[in-house]
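Read off the chains here:
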Amino acid sequence: RQRLADARRLEPAVTRDGRRVEVAANLGSSAETADAVEQGAEAIGLLRTELVFMNHAQAPDQATQEVEYRRVLDALDGRPLVVRTLDVGGDKPLSYWPMPAEENPFLGVRGIRLSLQRPEVLEVQLRALLASAEGRPLRIMFPMVGFMEEWRAARQLVDRLRAEIPVADLQVGIMIEVPSAALIAPALAAEVDFFSIGTNDLTQYTLAIDRGHPSLSGQADGLHPAVLRLIGMTVEAAHAHGKWVGVCGELAADTLAVPLLIGLGVDELSVSARSIALVKARVRELDQARCRQLAQQALNLPGAAEVRAFVTEQD
Ligand code: PEP
Ligand code: MG
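Residues numbered from 1 in each chain as written. Chains lettered and ligands numbered in written order. Predicted model: local features only at pLDDT ≥ 70, side-chain atom pairs only at ≥ 80, totals over all residues.

Within an unreviewed UniProt entry, the label attached to the chain reads phosphoenolpyruvate--protein phosphotransferase, and the organism entered is Stutzerimonas azotifigens.

Below is the structure:
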């Protein structure tokens, strides 16, 4: 099965009834780009930029960051790059950013909240990204957005900078990984260019389970109908405004989840490079119309275990 999937890893993923689903790669470092393309990535769906910042004794300057972003764009050879701005704070500290201790770091100053408190750092990162694009397709997204005001403040900064550094092919969007963002998706969708659903955090915050909890994390299953409903609402809102939606959390590589995500209308799945061939093979087995029915039924089940049993039985 793996060998069959591997043989077709460079071909697009299209369902039996003709729906194309983009399959992209999640990356933690620029050096992995060529391998991801070789594994069949049609884009980078999530470039986590934390490593760029953690590998230095102080925040890297614009030129240092540009080297990293150019390396990825060069290796992509015209394929789109979705890059997430720095997502630290809370439980992911940076040595050169002294931050007050928090009792609940997952509910504290992290992601876009931290970036908006330190706009000078975000500004350098955005300048480096815009300058690296050089006509290539660049999509910038912000992590942990939960409020309209956060999106607007971040967007405003991008707009100010792109007036100085024009980019021919730029989209600006947000991660959907906080339940409030999914719940106000209709308002956000009118303003963003795209959404990318981070199911790791979306599951953690929806189910109130620490994603790394030693005894509870097994219950943090993104197939919980509460999470599926938020995904469905997000896609519906985006599509009503002609915007696209990706999923870049772990759920995108889960073979039981793929039919449900496609049934909910997701346009792109972004997974680790080693999962690309199998996710594409999974998409090719499916029928979109059938997936839509499956997803609607799954939404009415009481829990993730029931959803898993249901999909397994229907498969
Ligand atoms: C997520 O939360 O699903 C996600 C993709 O981001 P990270 O795992 O980096 O928090
Ligand atoms: Mg996240």
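This is not the end of the story, as more comes after the structure.
Undergrad: I would appreciate a short explanation of the environment of arginine 79 in the present structure.
TA: Locating arginine 79 in the fold gives a position in the loop between helix 4 (62-76) and strand 4 (81-84). Look at arginine 79 and you get partly exposed, because 19 C-beta atoms sit within 10 Å. Sequence spacing of arginine 79 and alanine 24 is 55 residues, and the spatial spacing of their C-alpha atoms is 9.9 Å. The residues contacting arginine 79, other than those within four sequence positions of it, are Glu42 and Ala43. (Helix = DSSP H or I, 4+ residues; strand = E, 2+ residues; numbered from the N terminus. Buried ≥ 20, exposed ≤ 12 C-beta atoms within 10 Å, placed from the backbone. Contact = placed C-beta atoms within 7 Å.)

Undergrad: Please explain the site of ligand 1 as it appears in this structure.
TA: Inspection of the region around ligand 1 gives Leu46, Arg48, Asp87, Glu177, Gly198, Thr199, Asn200, Asp201, Cys248 and Gly249 as its neighbouring residues. Among the secondary structure elements, those contributing two or more residues to the shell around ligand 1 are strand 3 (44-48) and helix 10 (199-207). A per-element tally of the shell around ligand 1 places helix 10 first, with three residues. Split into classes, the residues belonging to the shell around ligand 1 amount to two nonpolar, four polar and four charged. (Near = placed C-beta within 6 Å. Nonpolar A, V, L, I, M, F, W, Y, C, P; charged D, E, K, R; others polar.)

Undergrad: Would you mind showing me how to read the pairing of strand 8 (residues 244-247) here?
TA: Side-chain direction in a regular strand flips from residue to residue, so the side chains alternate between the two faces of the sheet. Here strand 7 (residues 194-197) pairs with strand 8 via four bridges, running parallel. Bridge pairing links isoleucine 197 to valine 247 in strand 8. As defined by bridge partners, strand 8 adjoins strand 9 (residues 268-271) across two bridges and the pair is classed as parallel. Among the inter-strand pairings, valine 247 is bridged to a residue of strand 9, identified as leucine 269. Handedness of the crossover is the feature at issue here: the chain leaves strand 8, passes through helix 12 (residues 257-263), returns alongside strand 9, and the resulting connection is right-handed. (Pairing = 2+ DSSP bridges. Right-handed = clockwise from strand over helix to strand, strands pointing away.)

Undergrad: What am I meant to see in unusual backbone geometry here?
TA: Glycine aside, residues mostly have negative phi, and peptide bonds are mostly found in the trans state. The backbone of aspartate 77 sits at a positive phi, close to 50 degrees, despite the residue not being glycine. Within the secondary structure, aspartate 77 sits in the loop between helix 4 and strand 4. One non-glycine residue, methionine 144, adopts positive backbone phi at about 65 degrees. Take methionine 144: it is sitting in the loop between strand 5 (138-142) and helix 7 (148-164). Owing to 24 C-beta atoms within 10 Å, methionine 144 belongs among the buried residues under this scheme.

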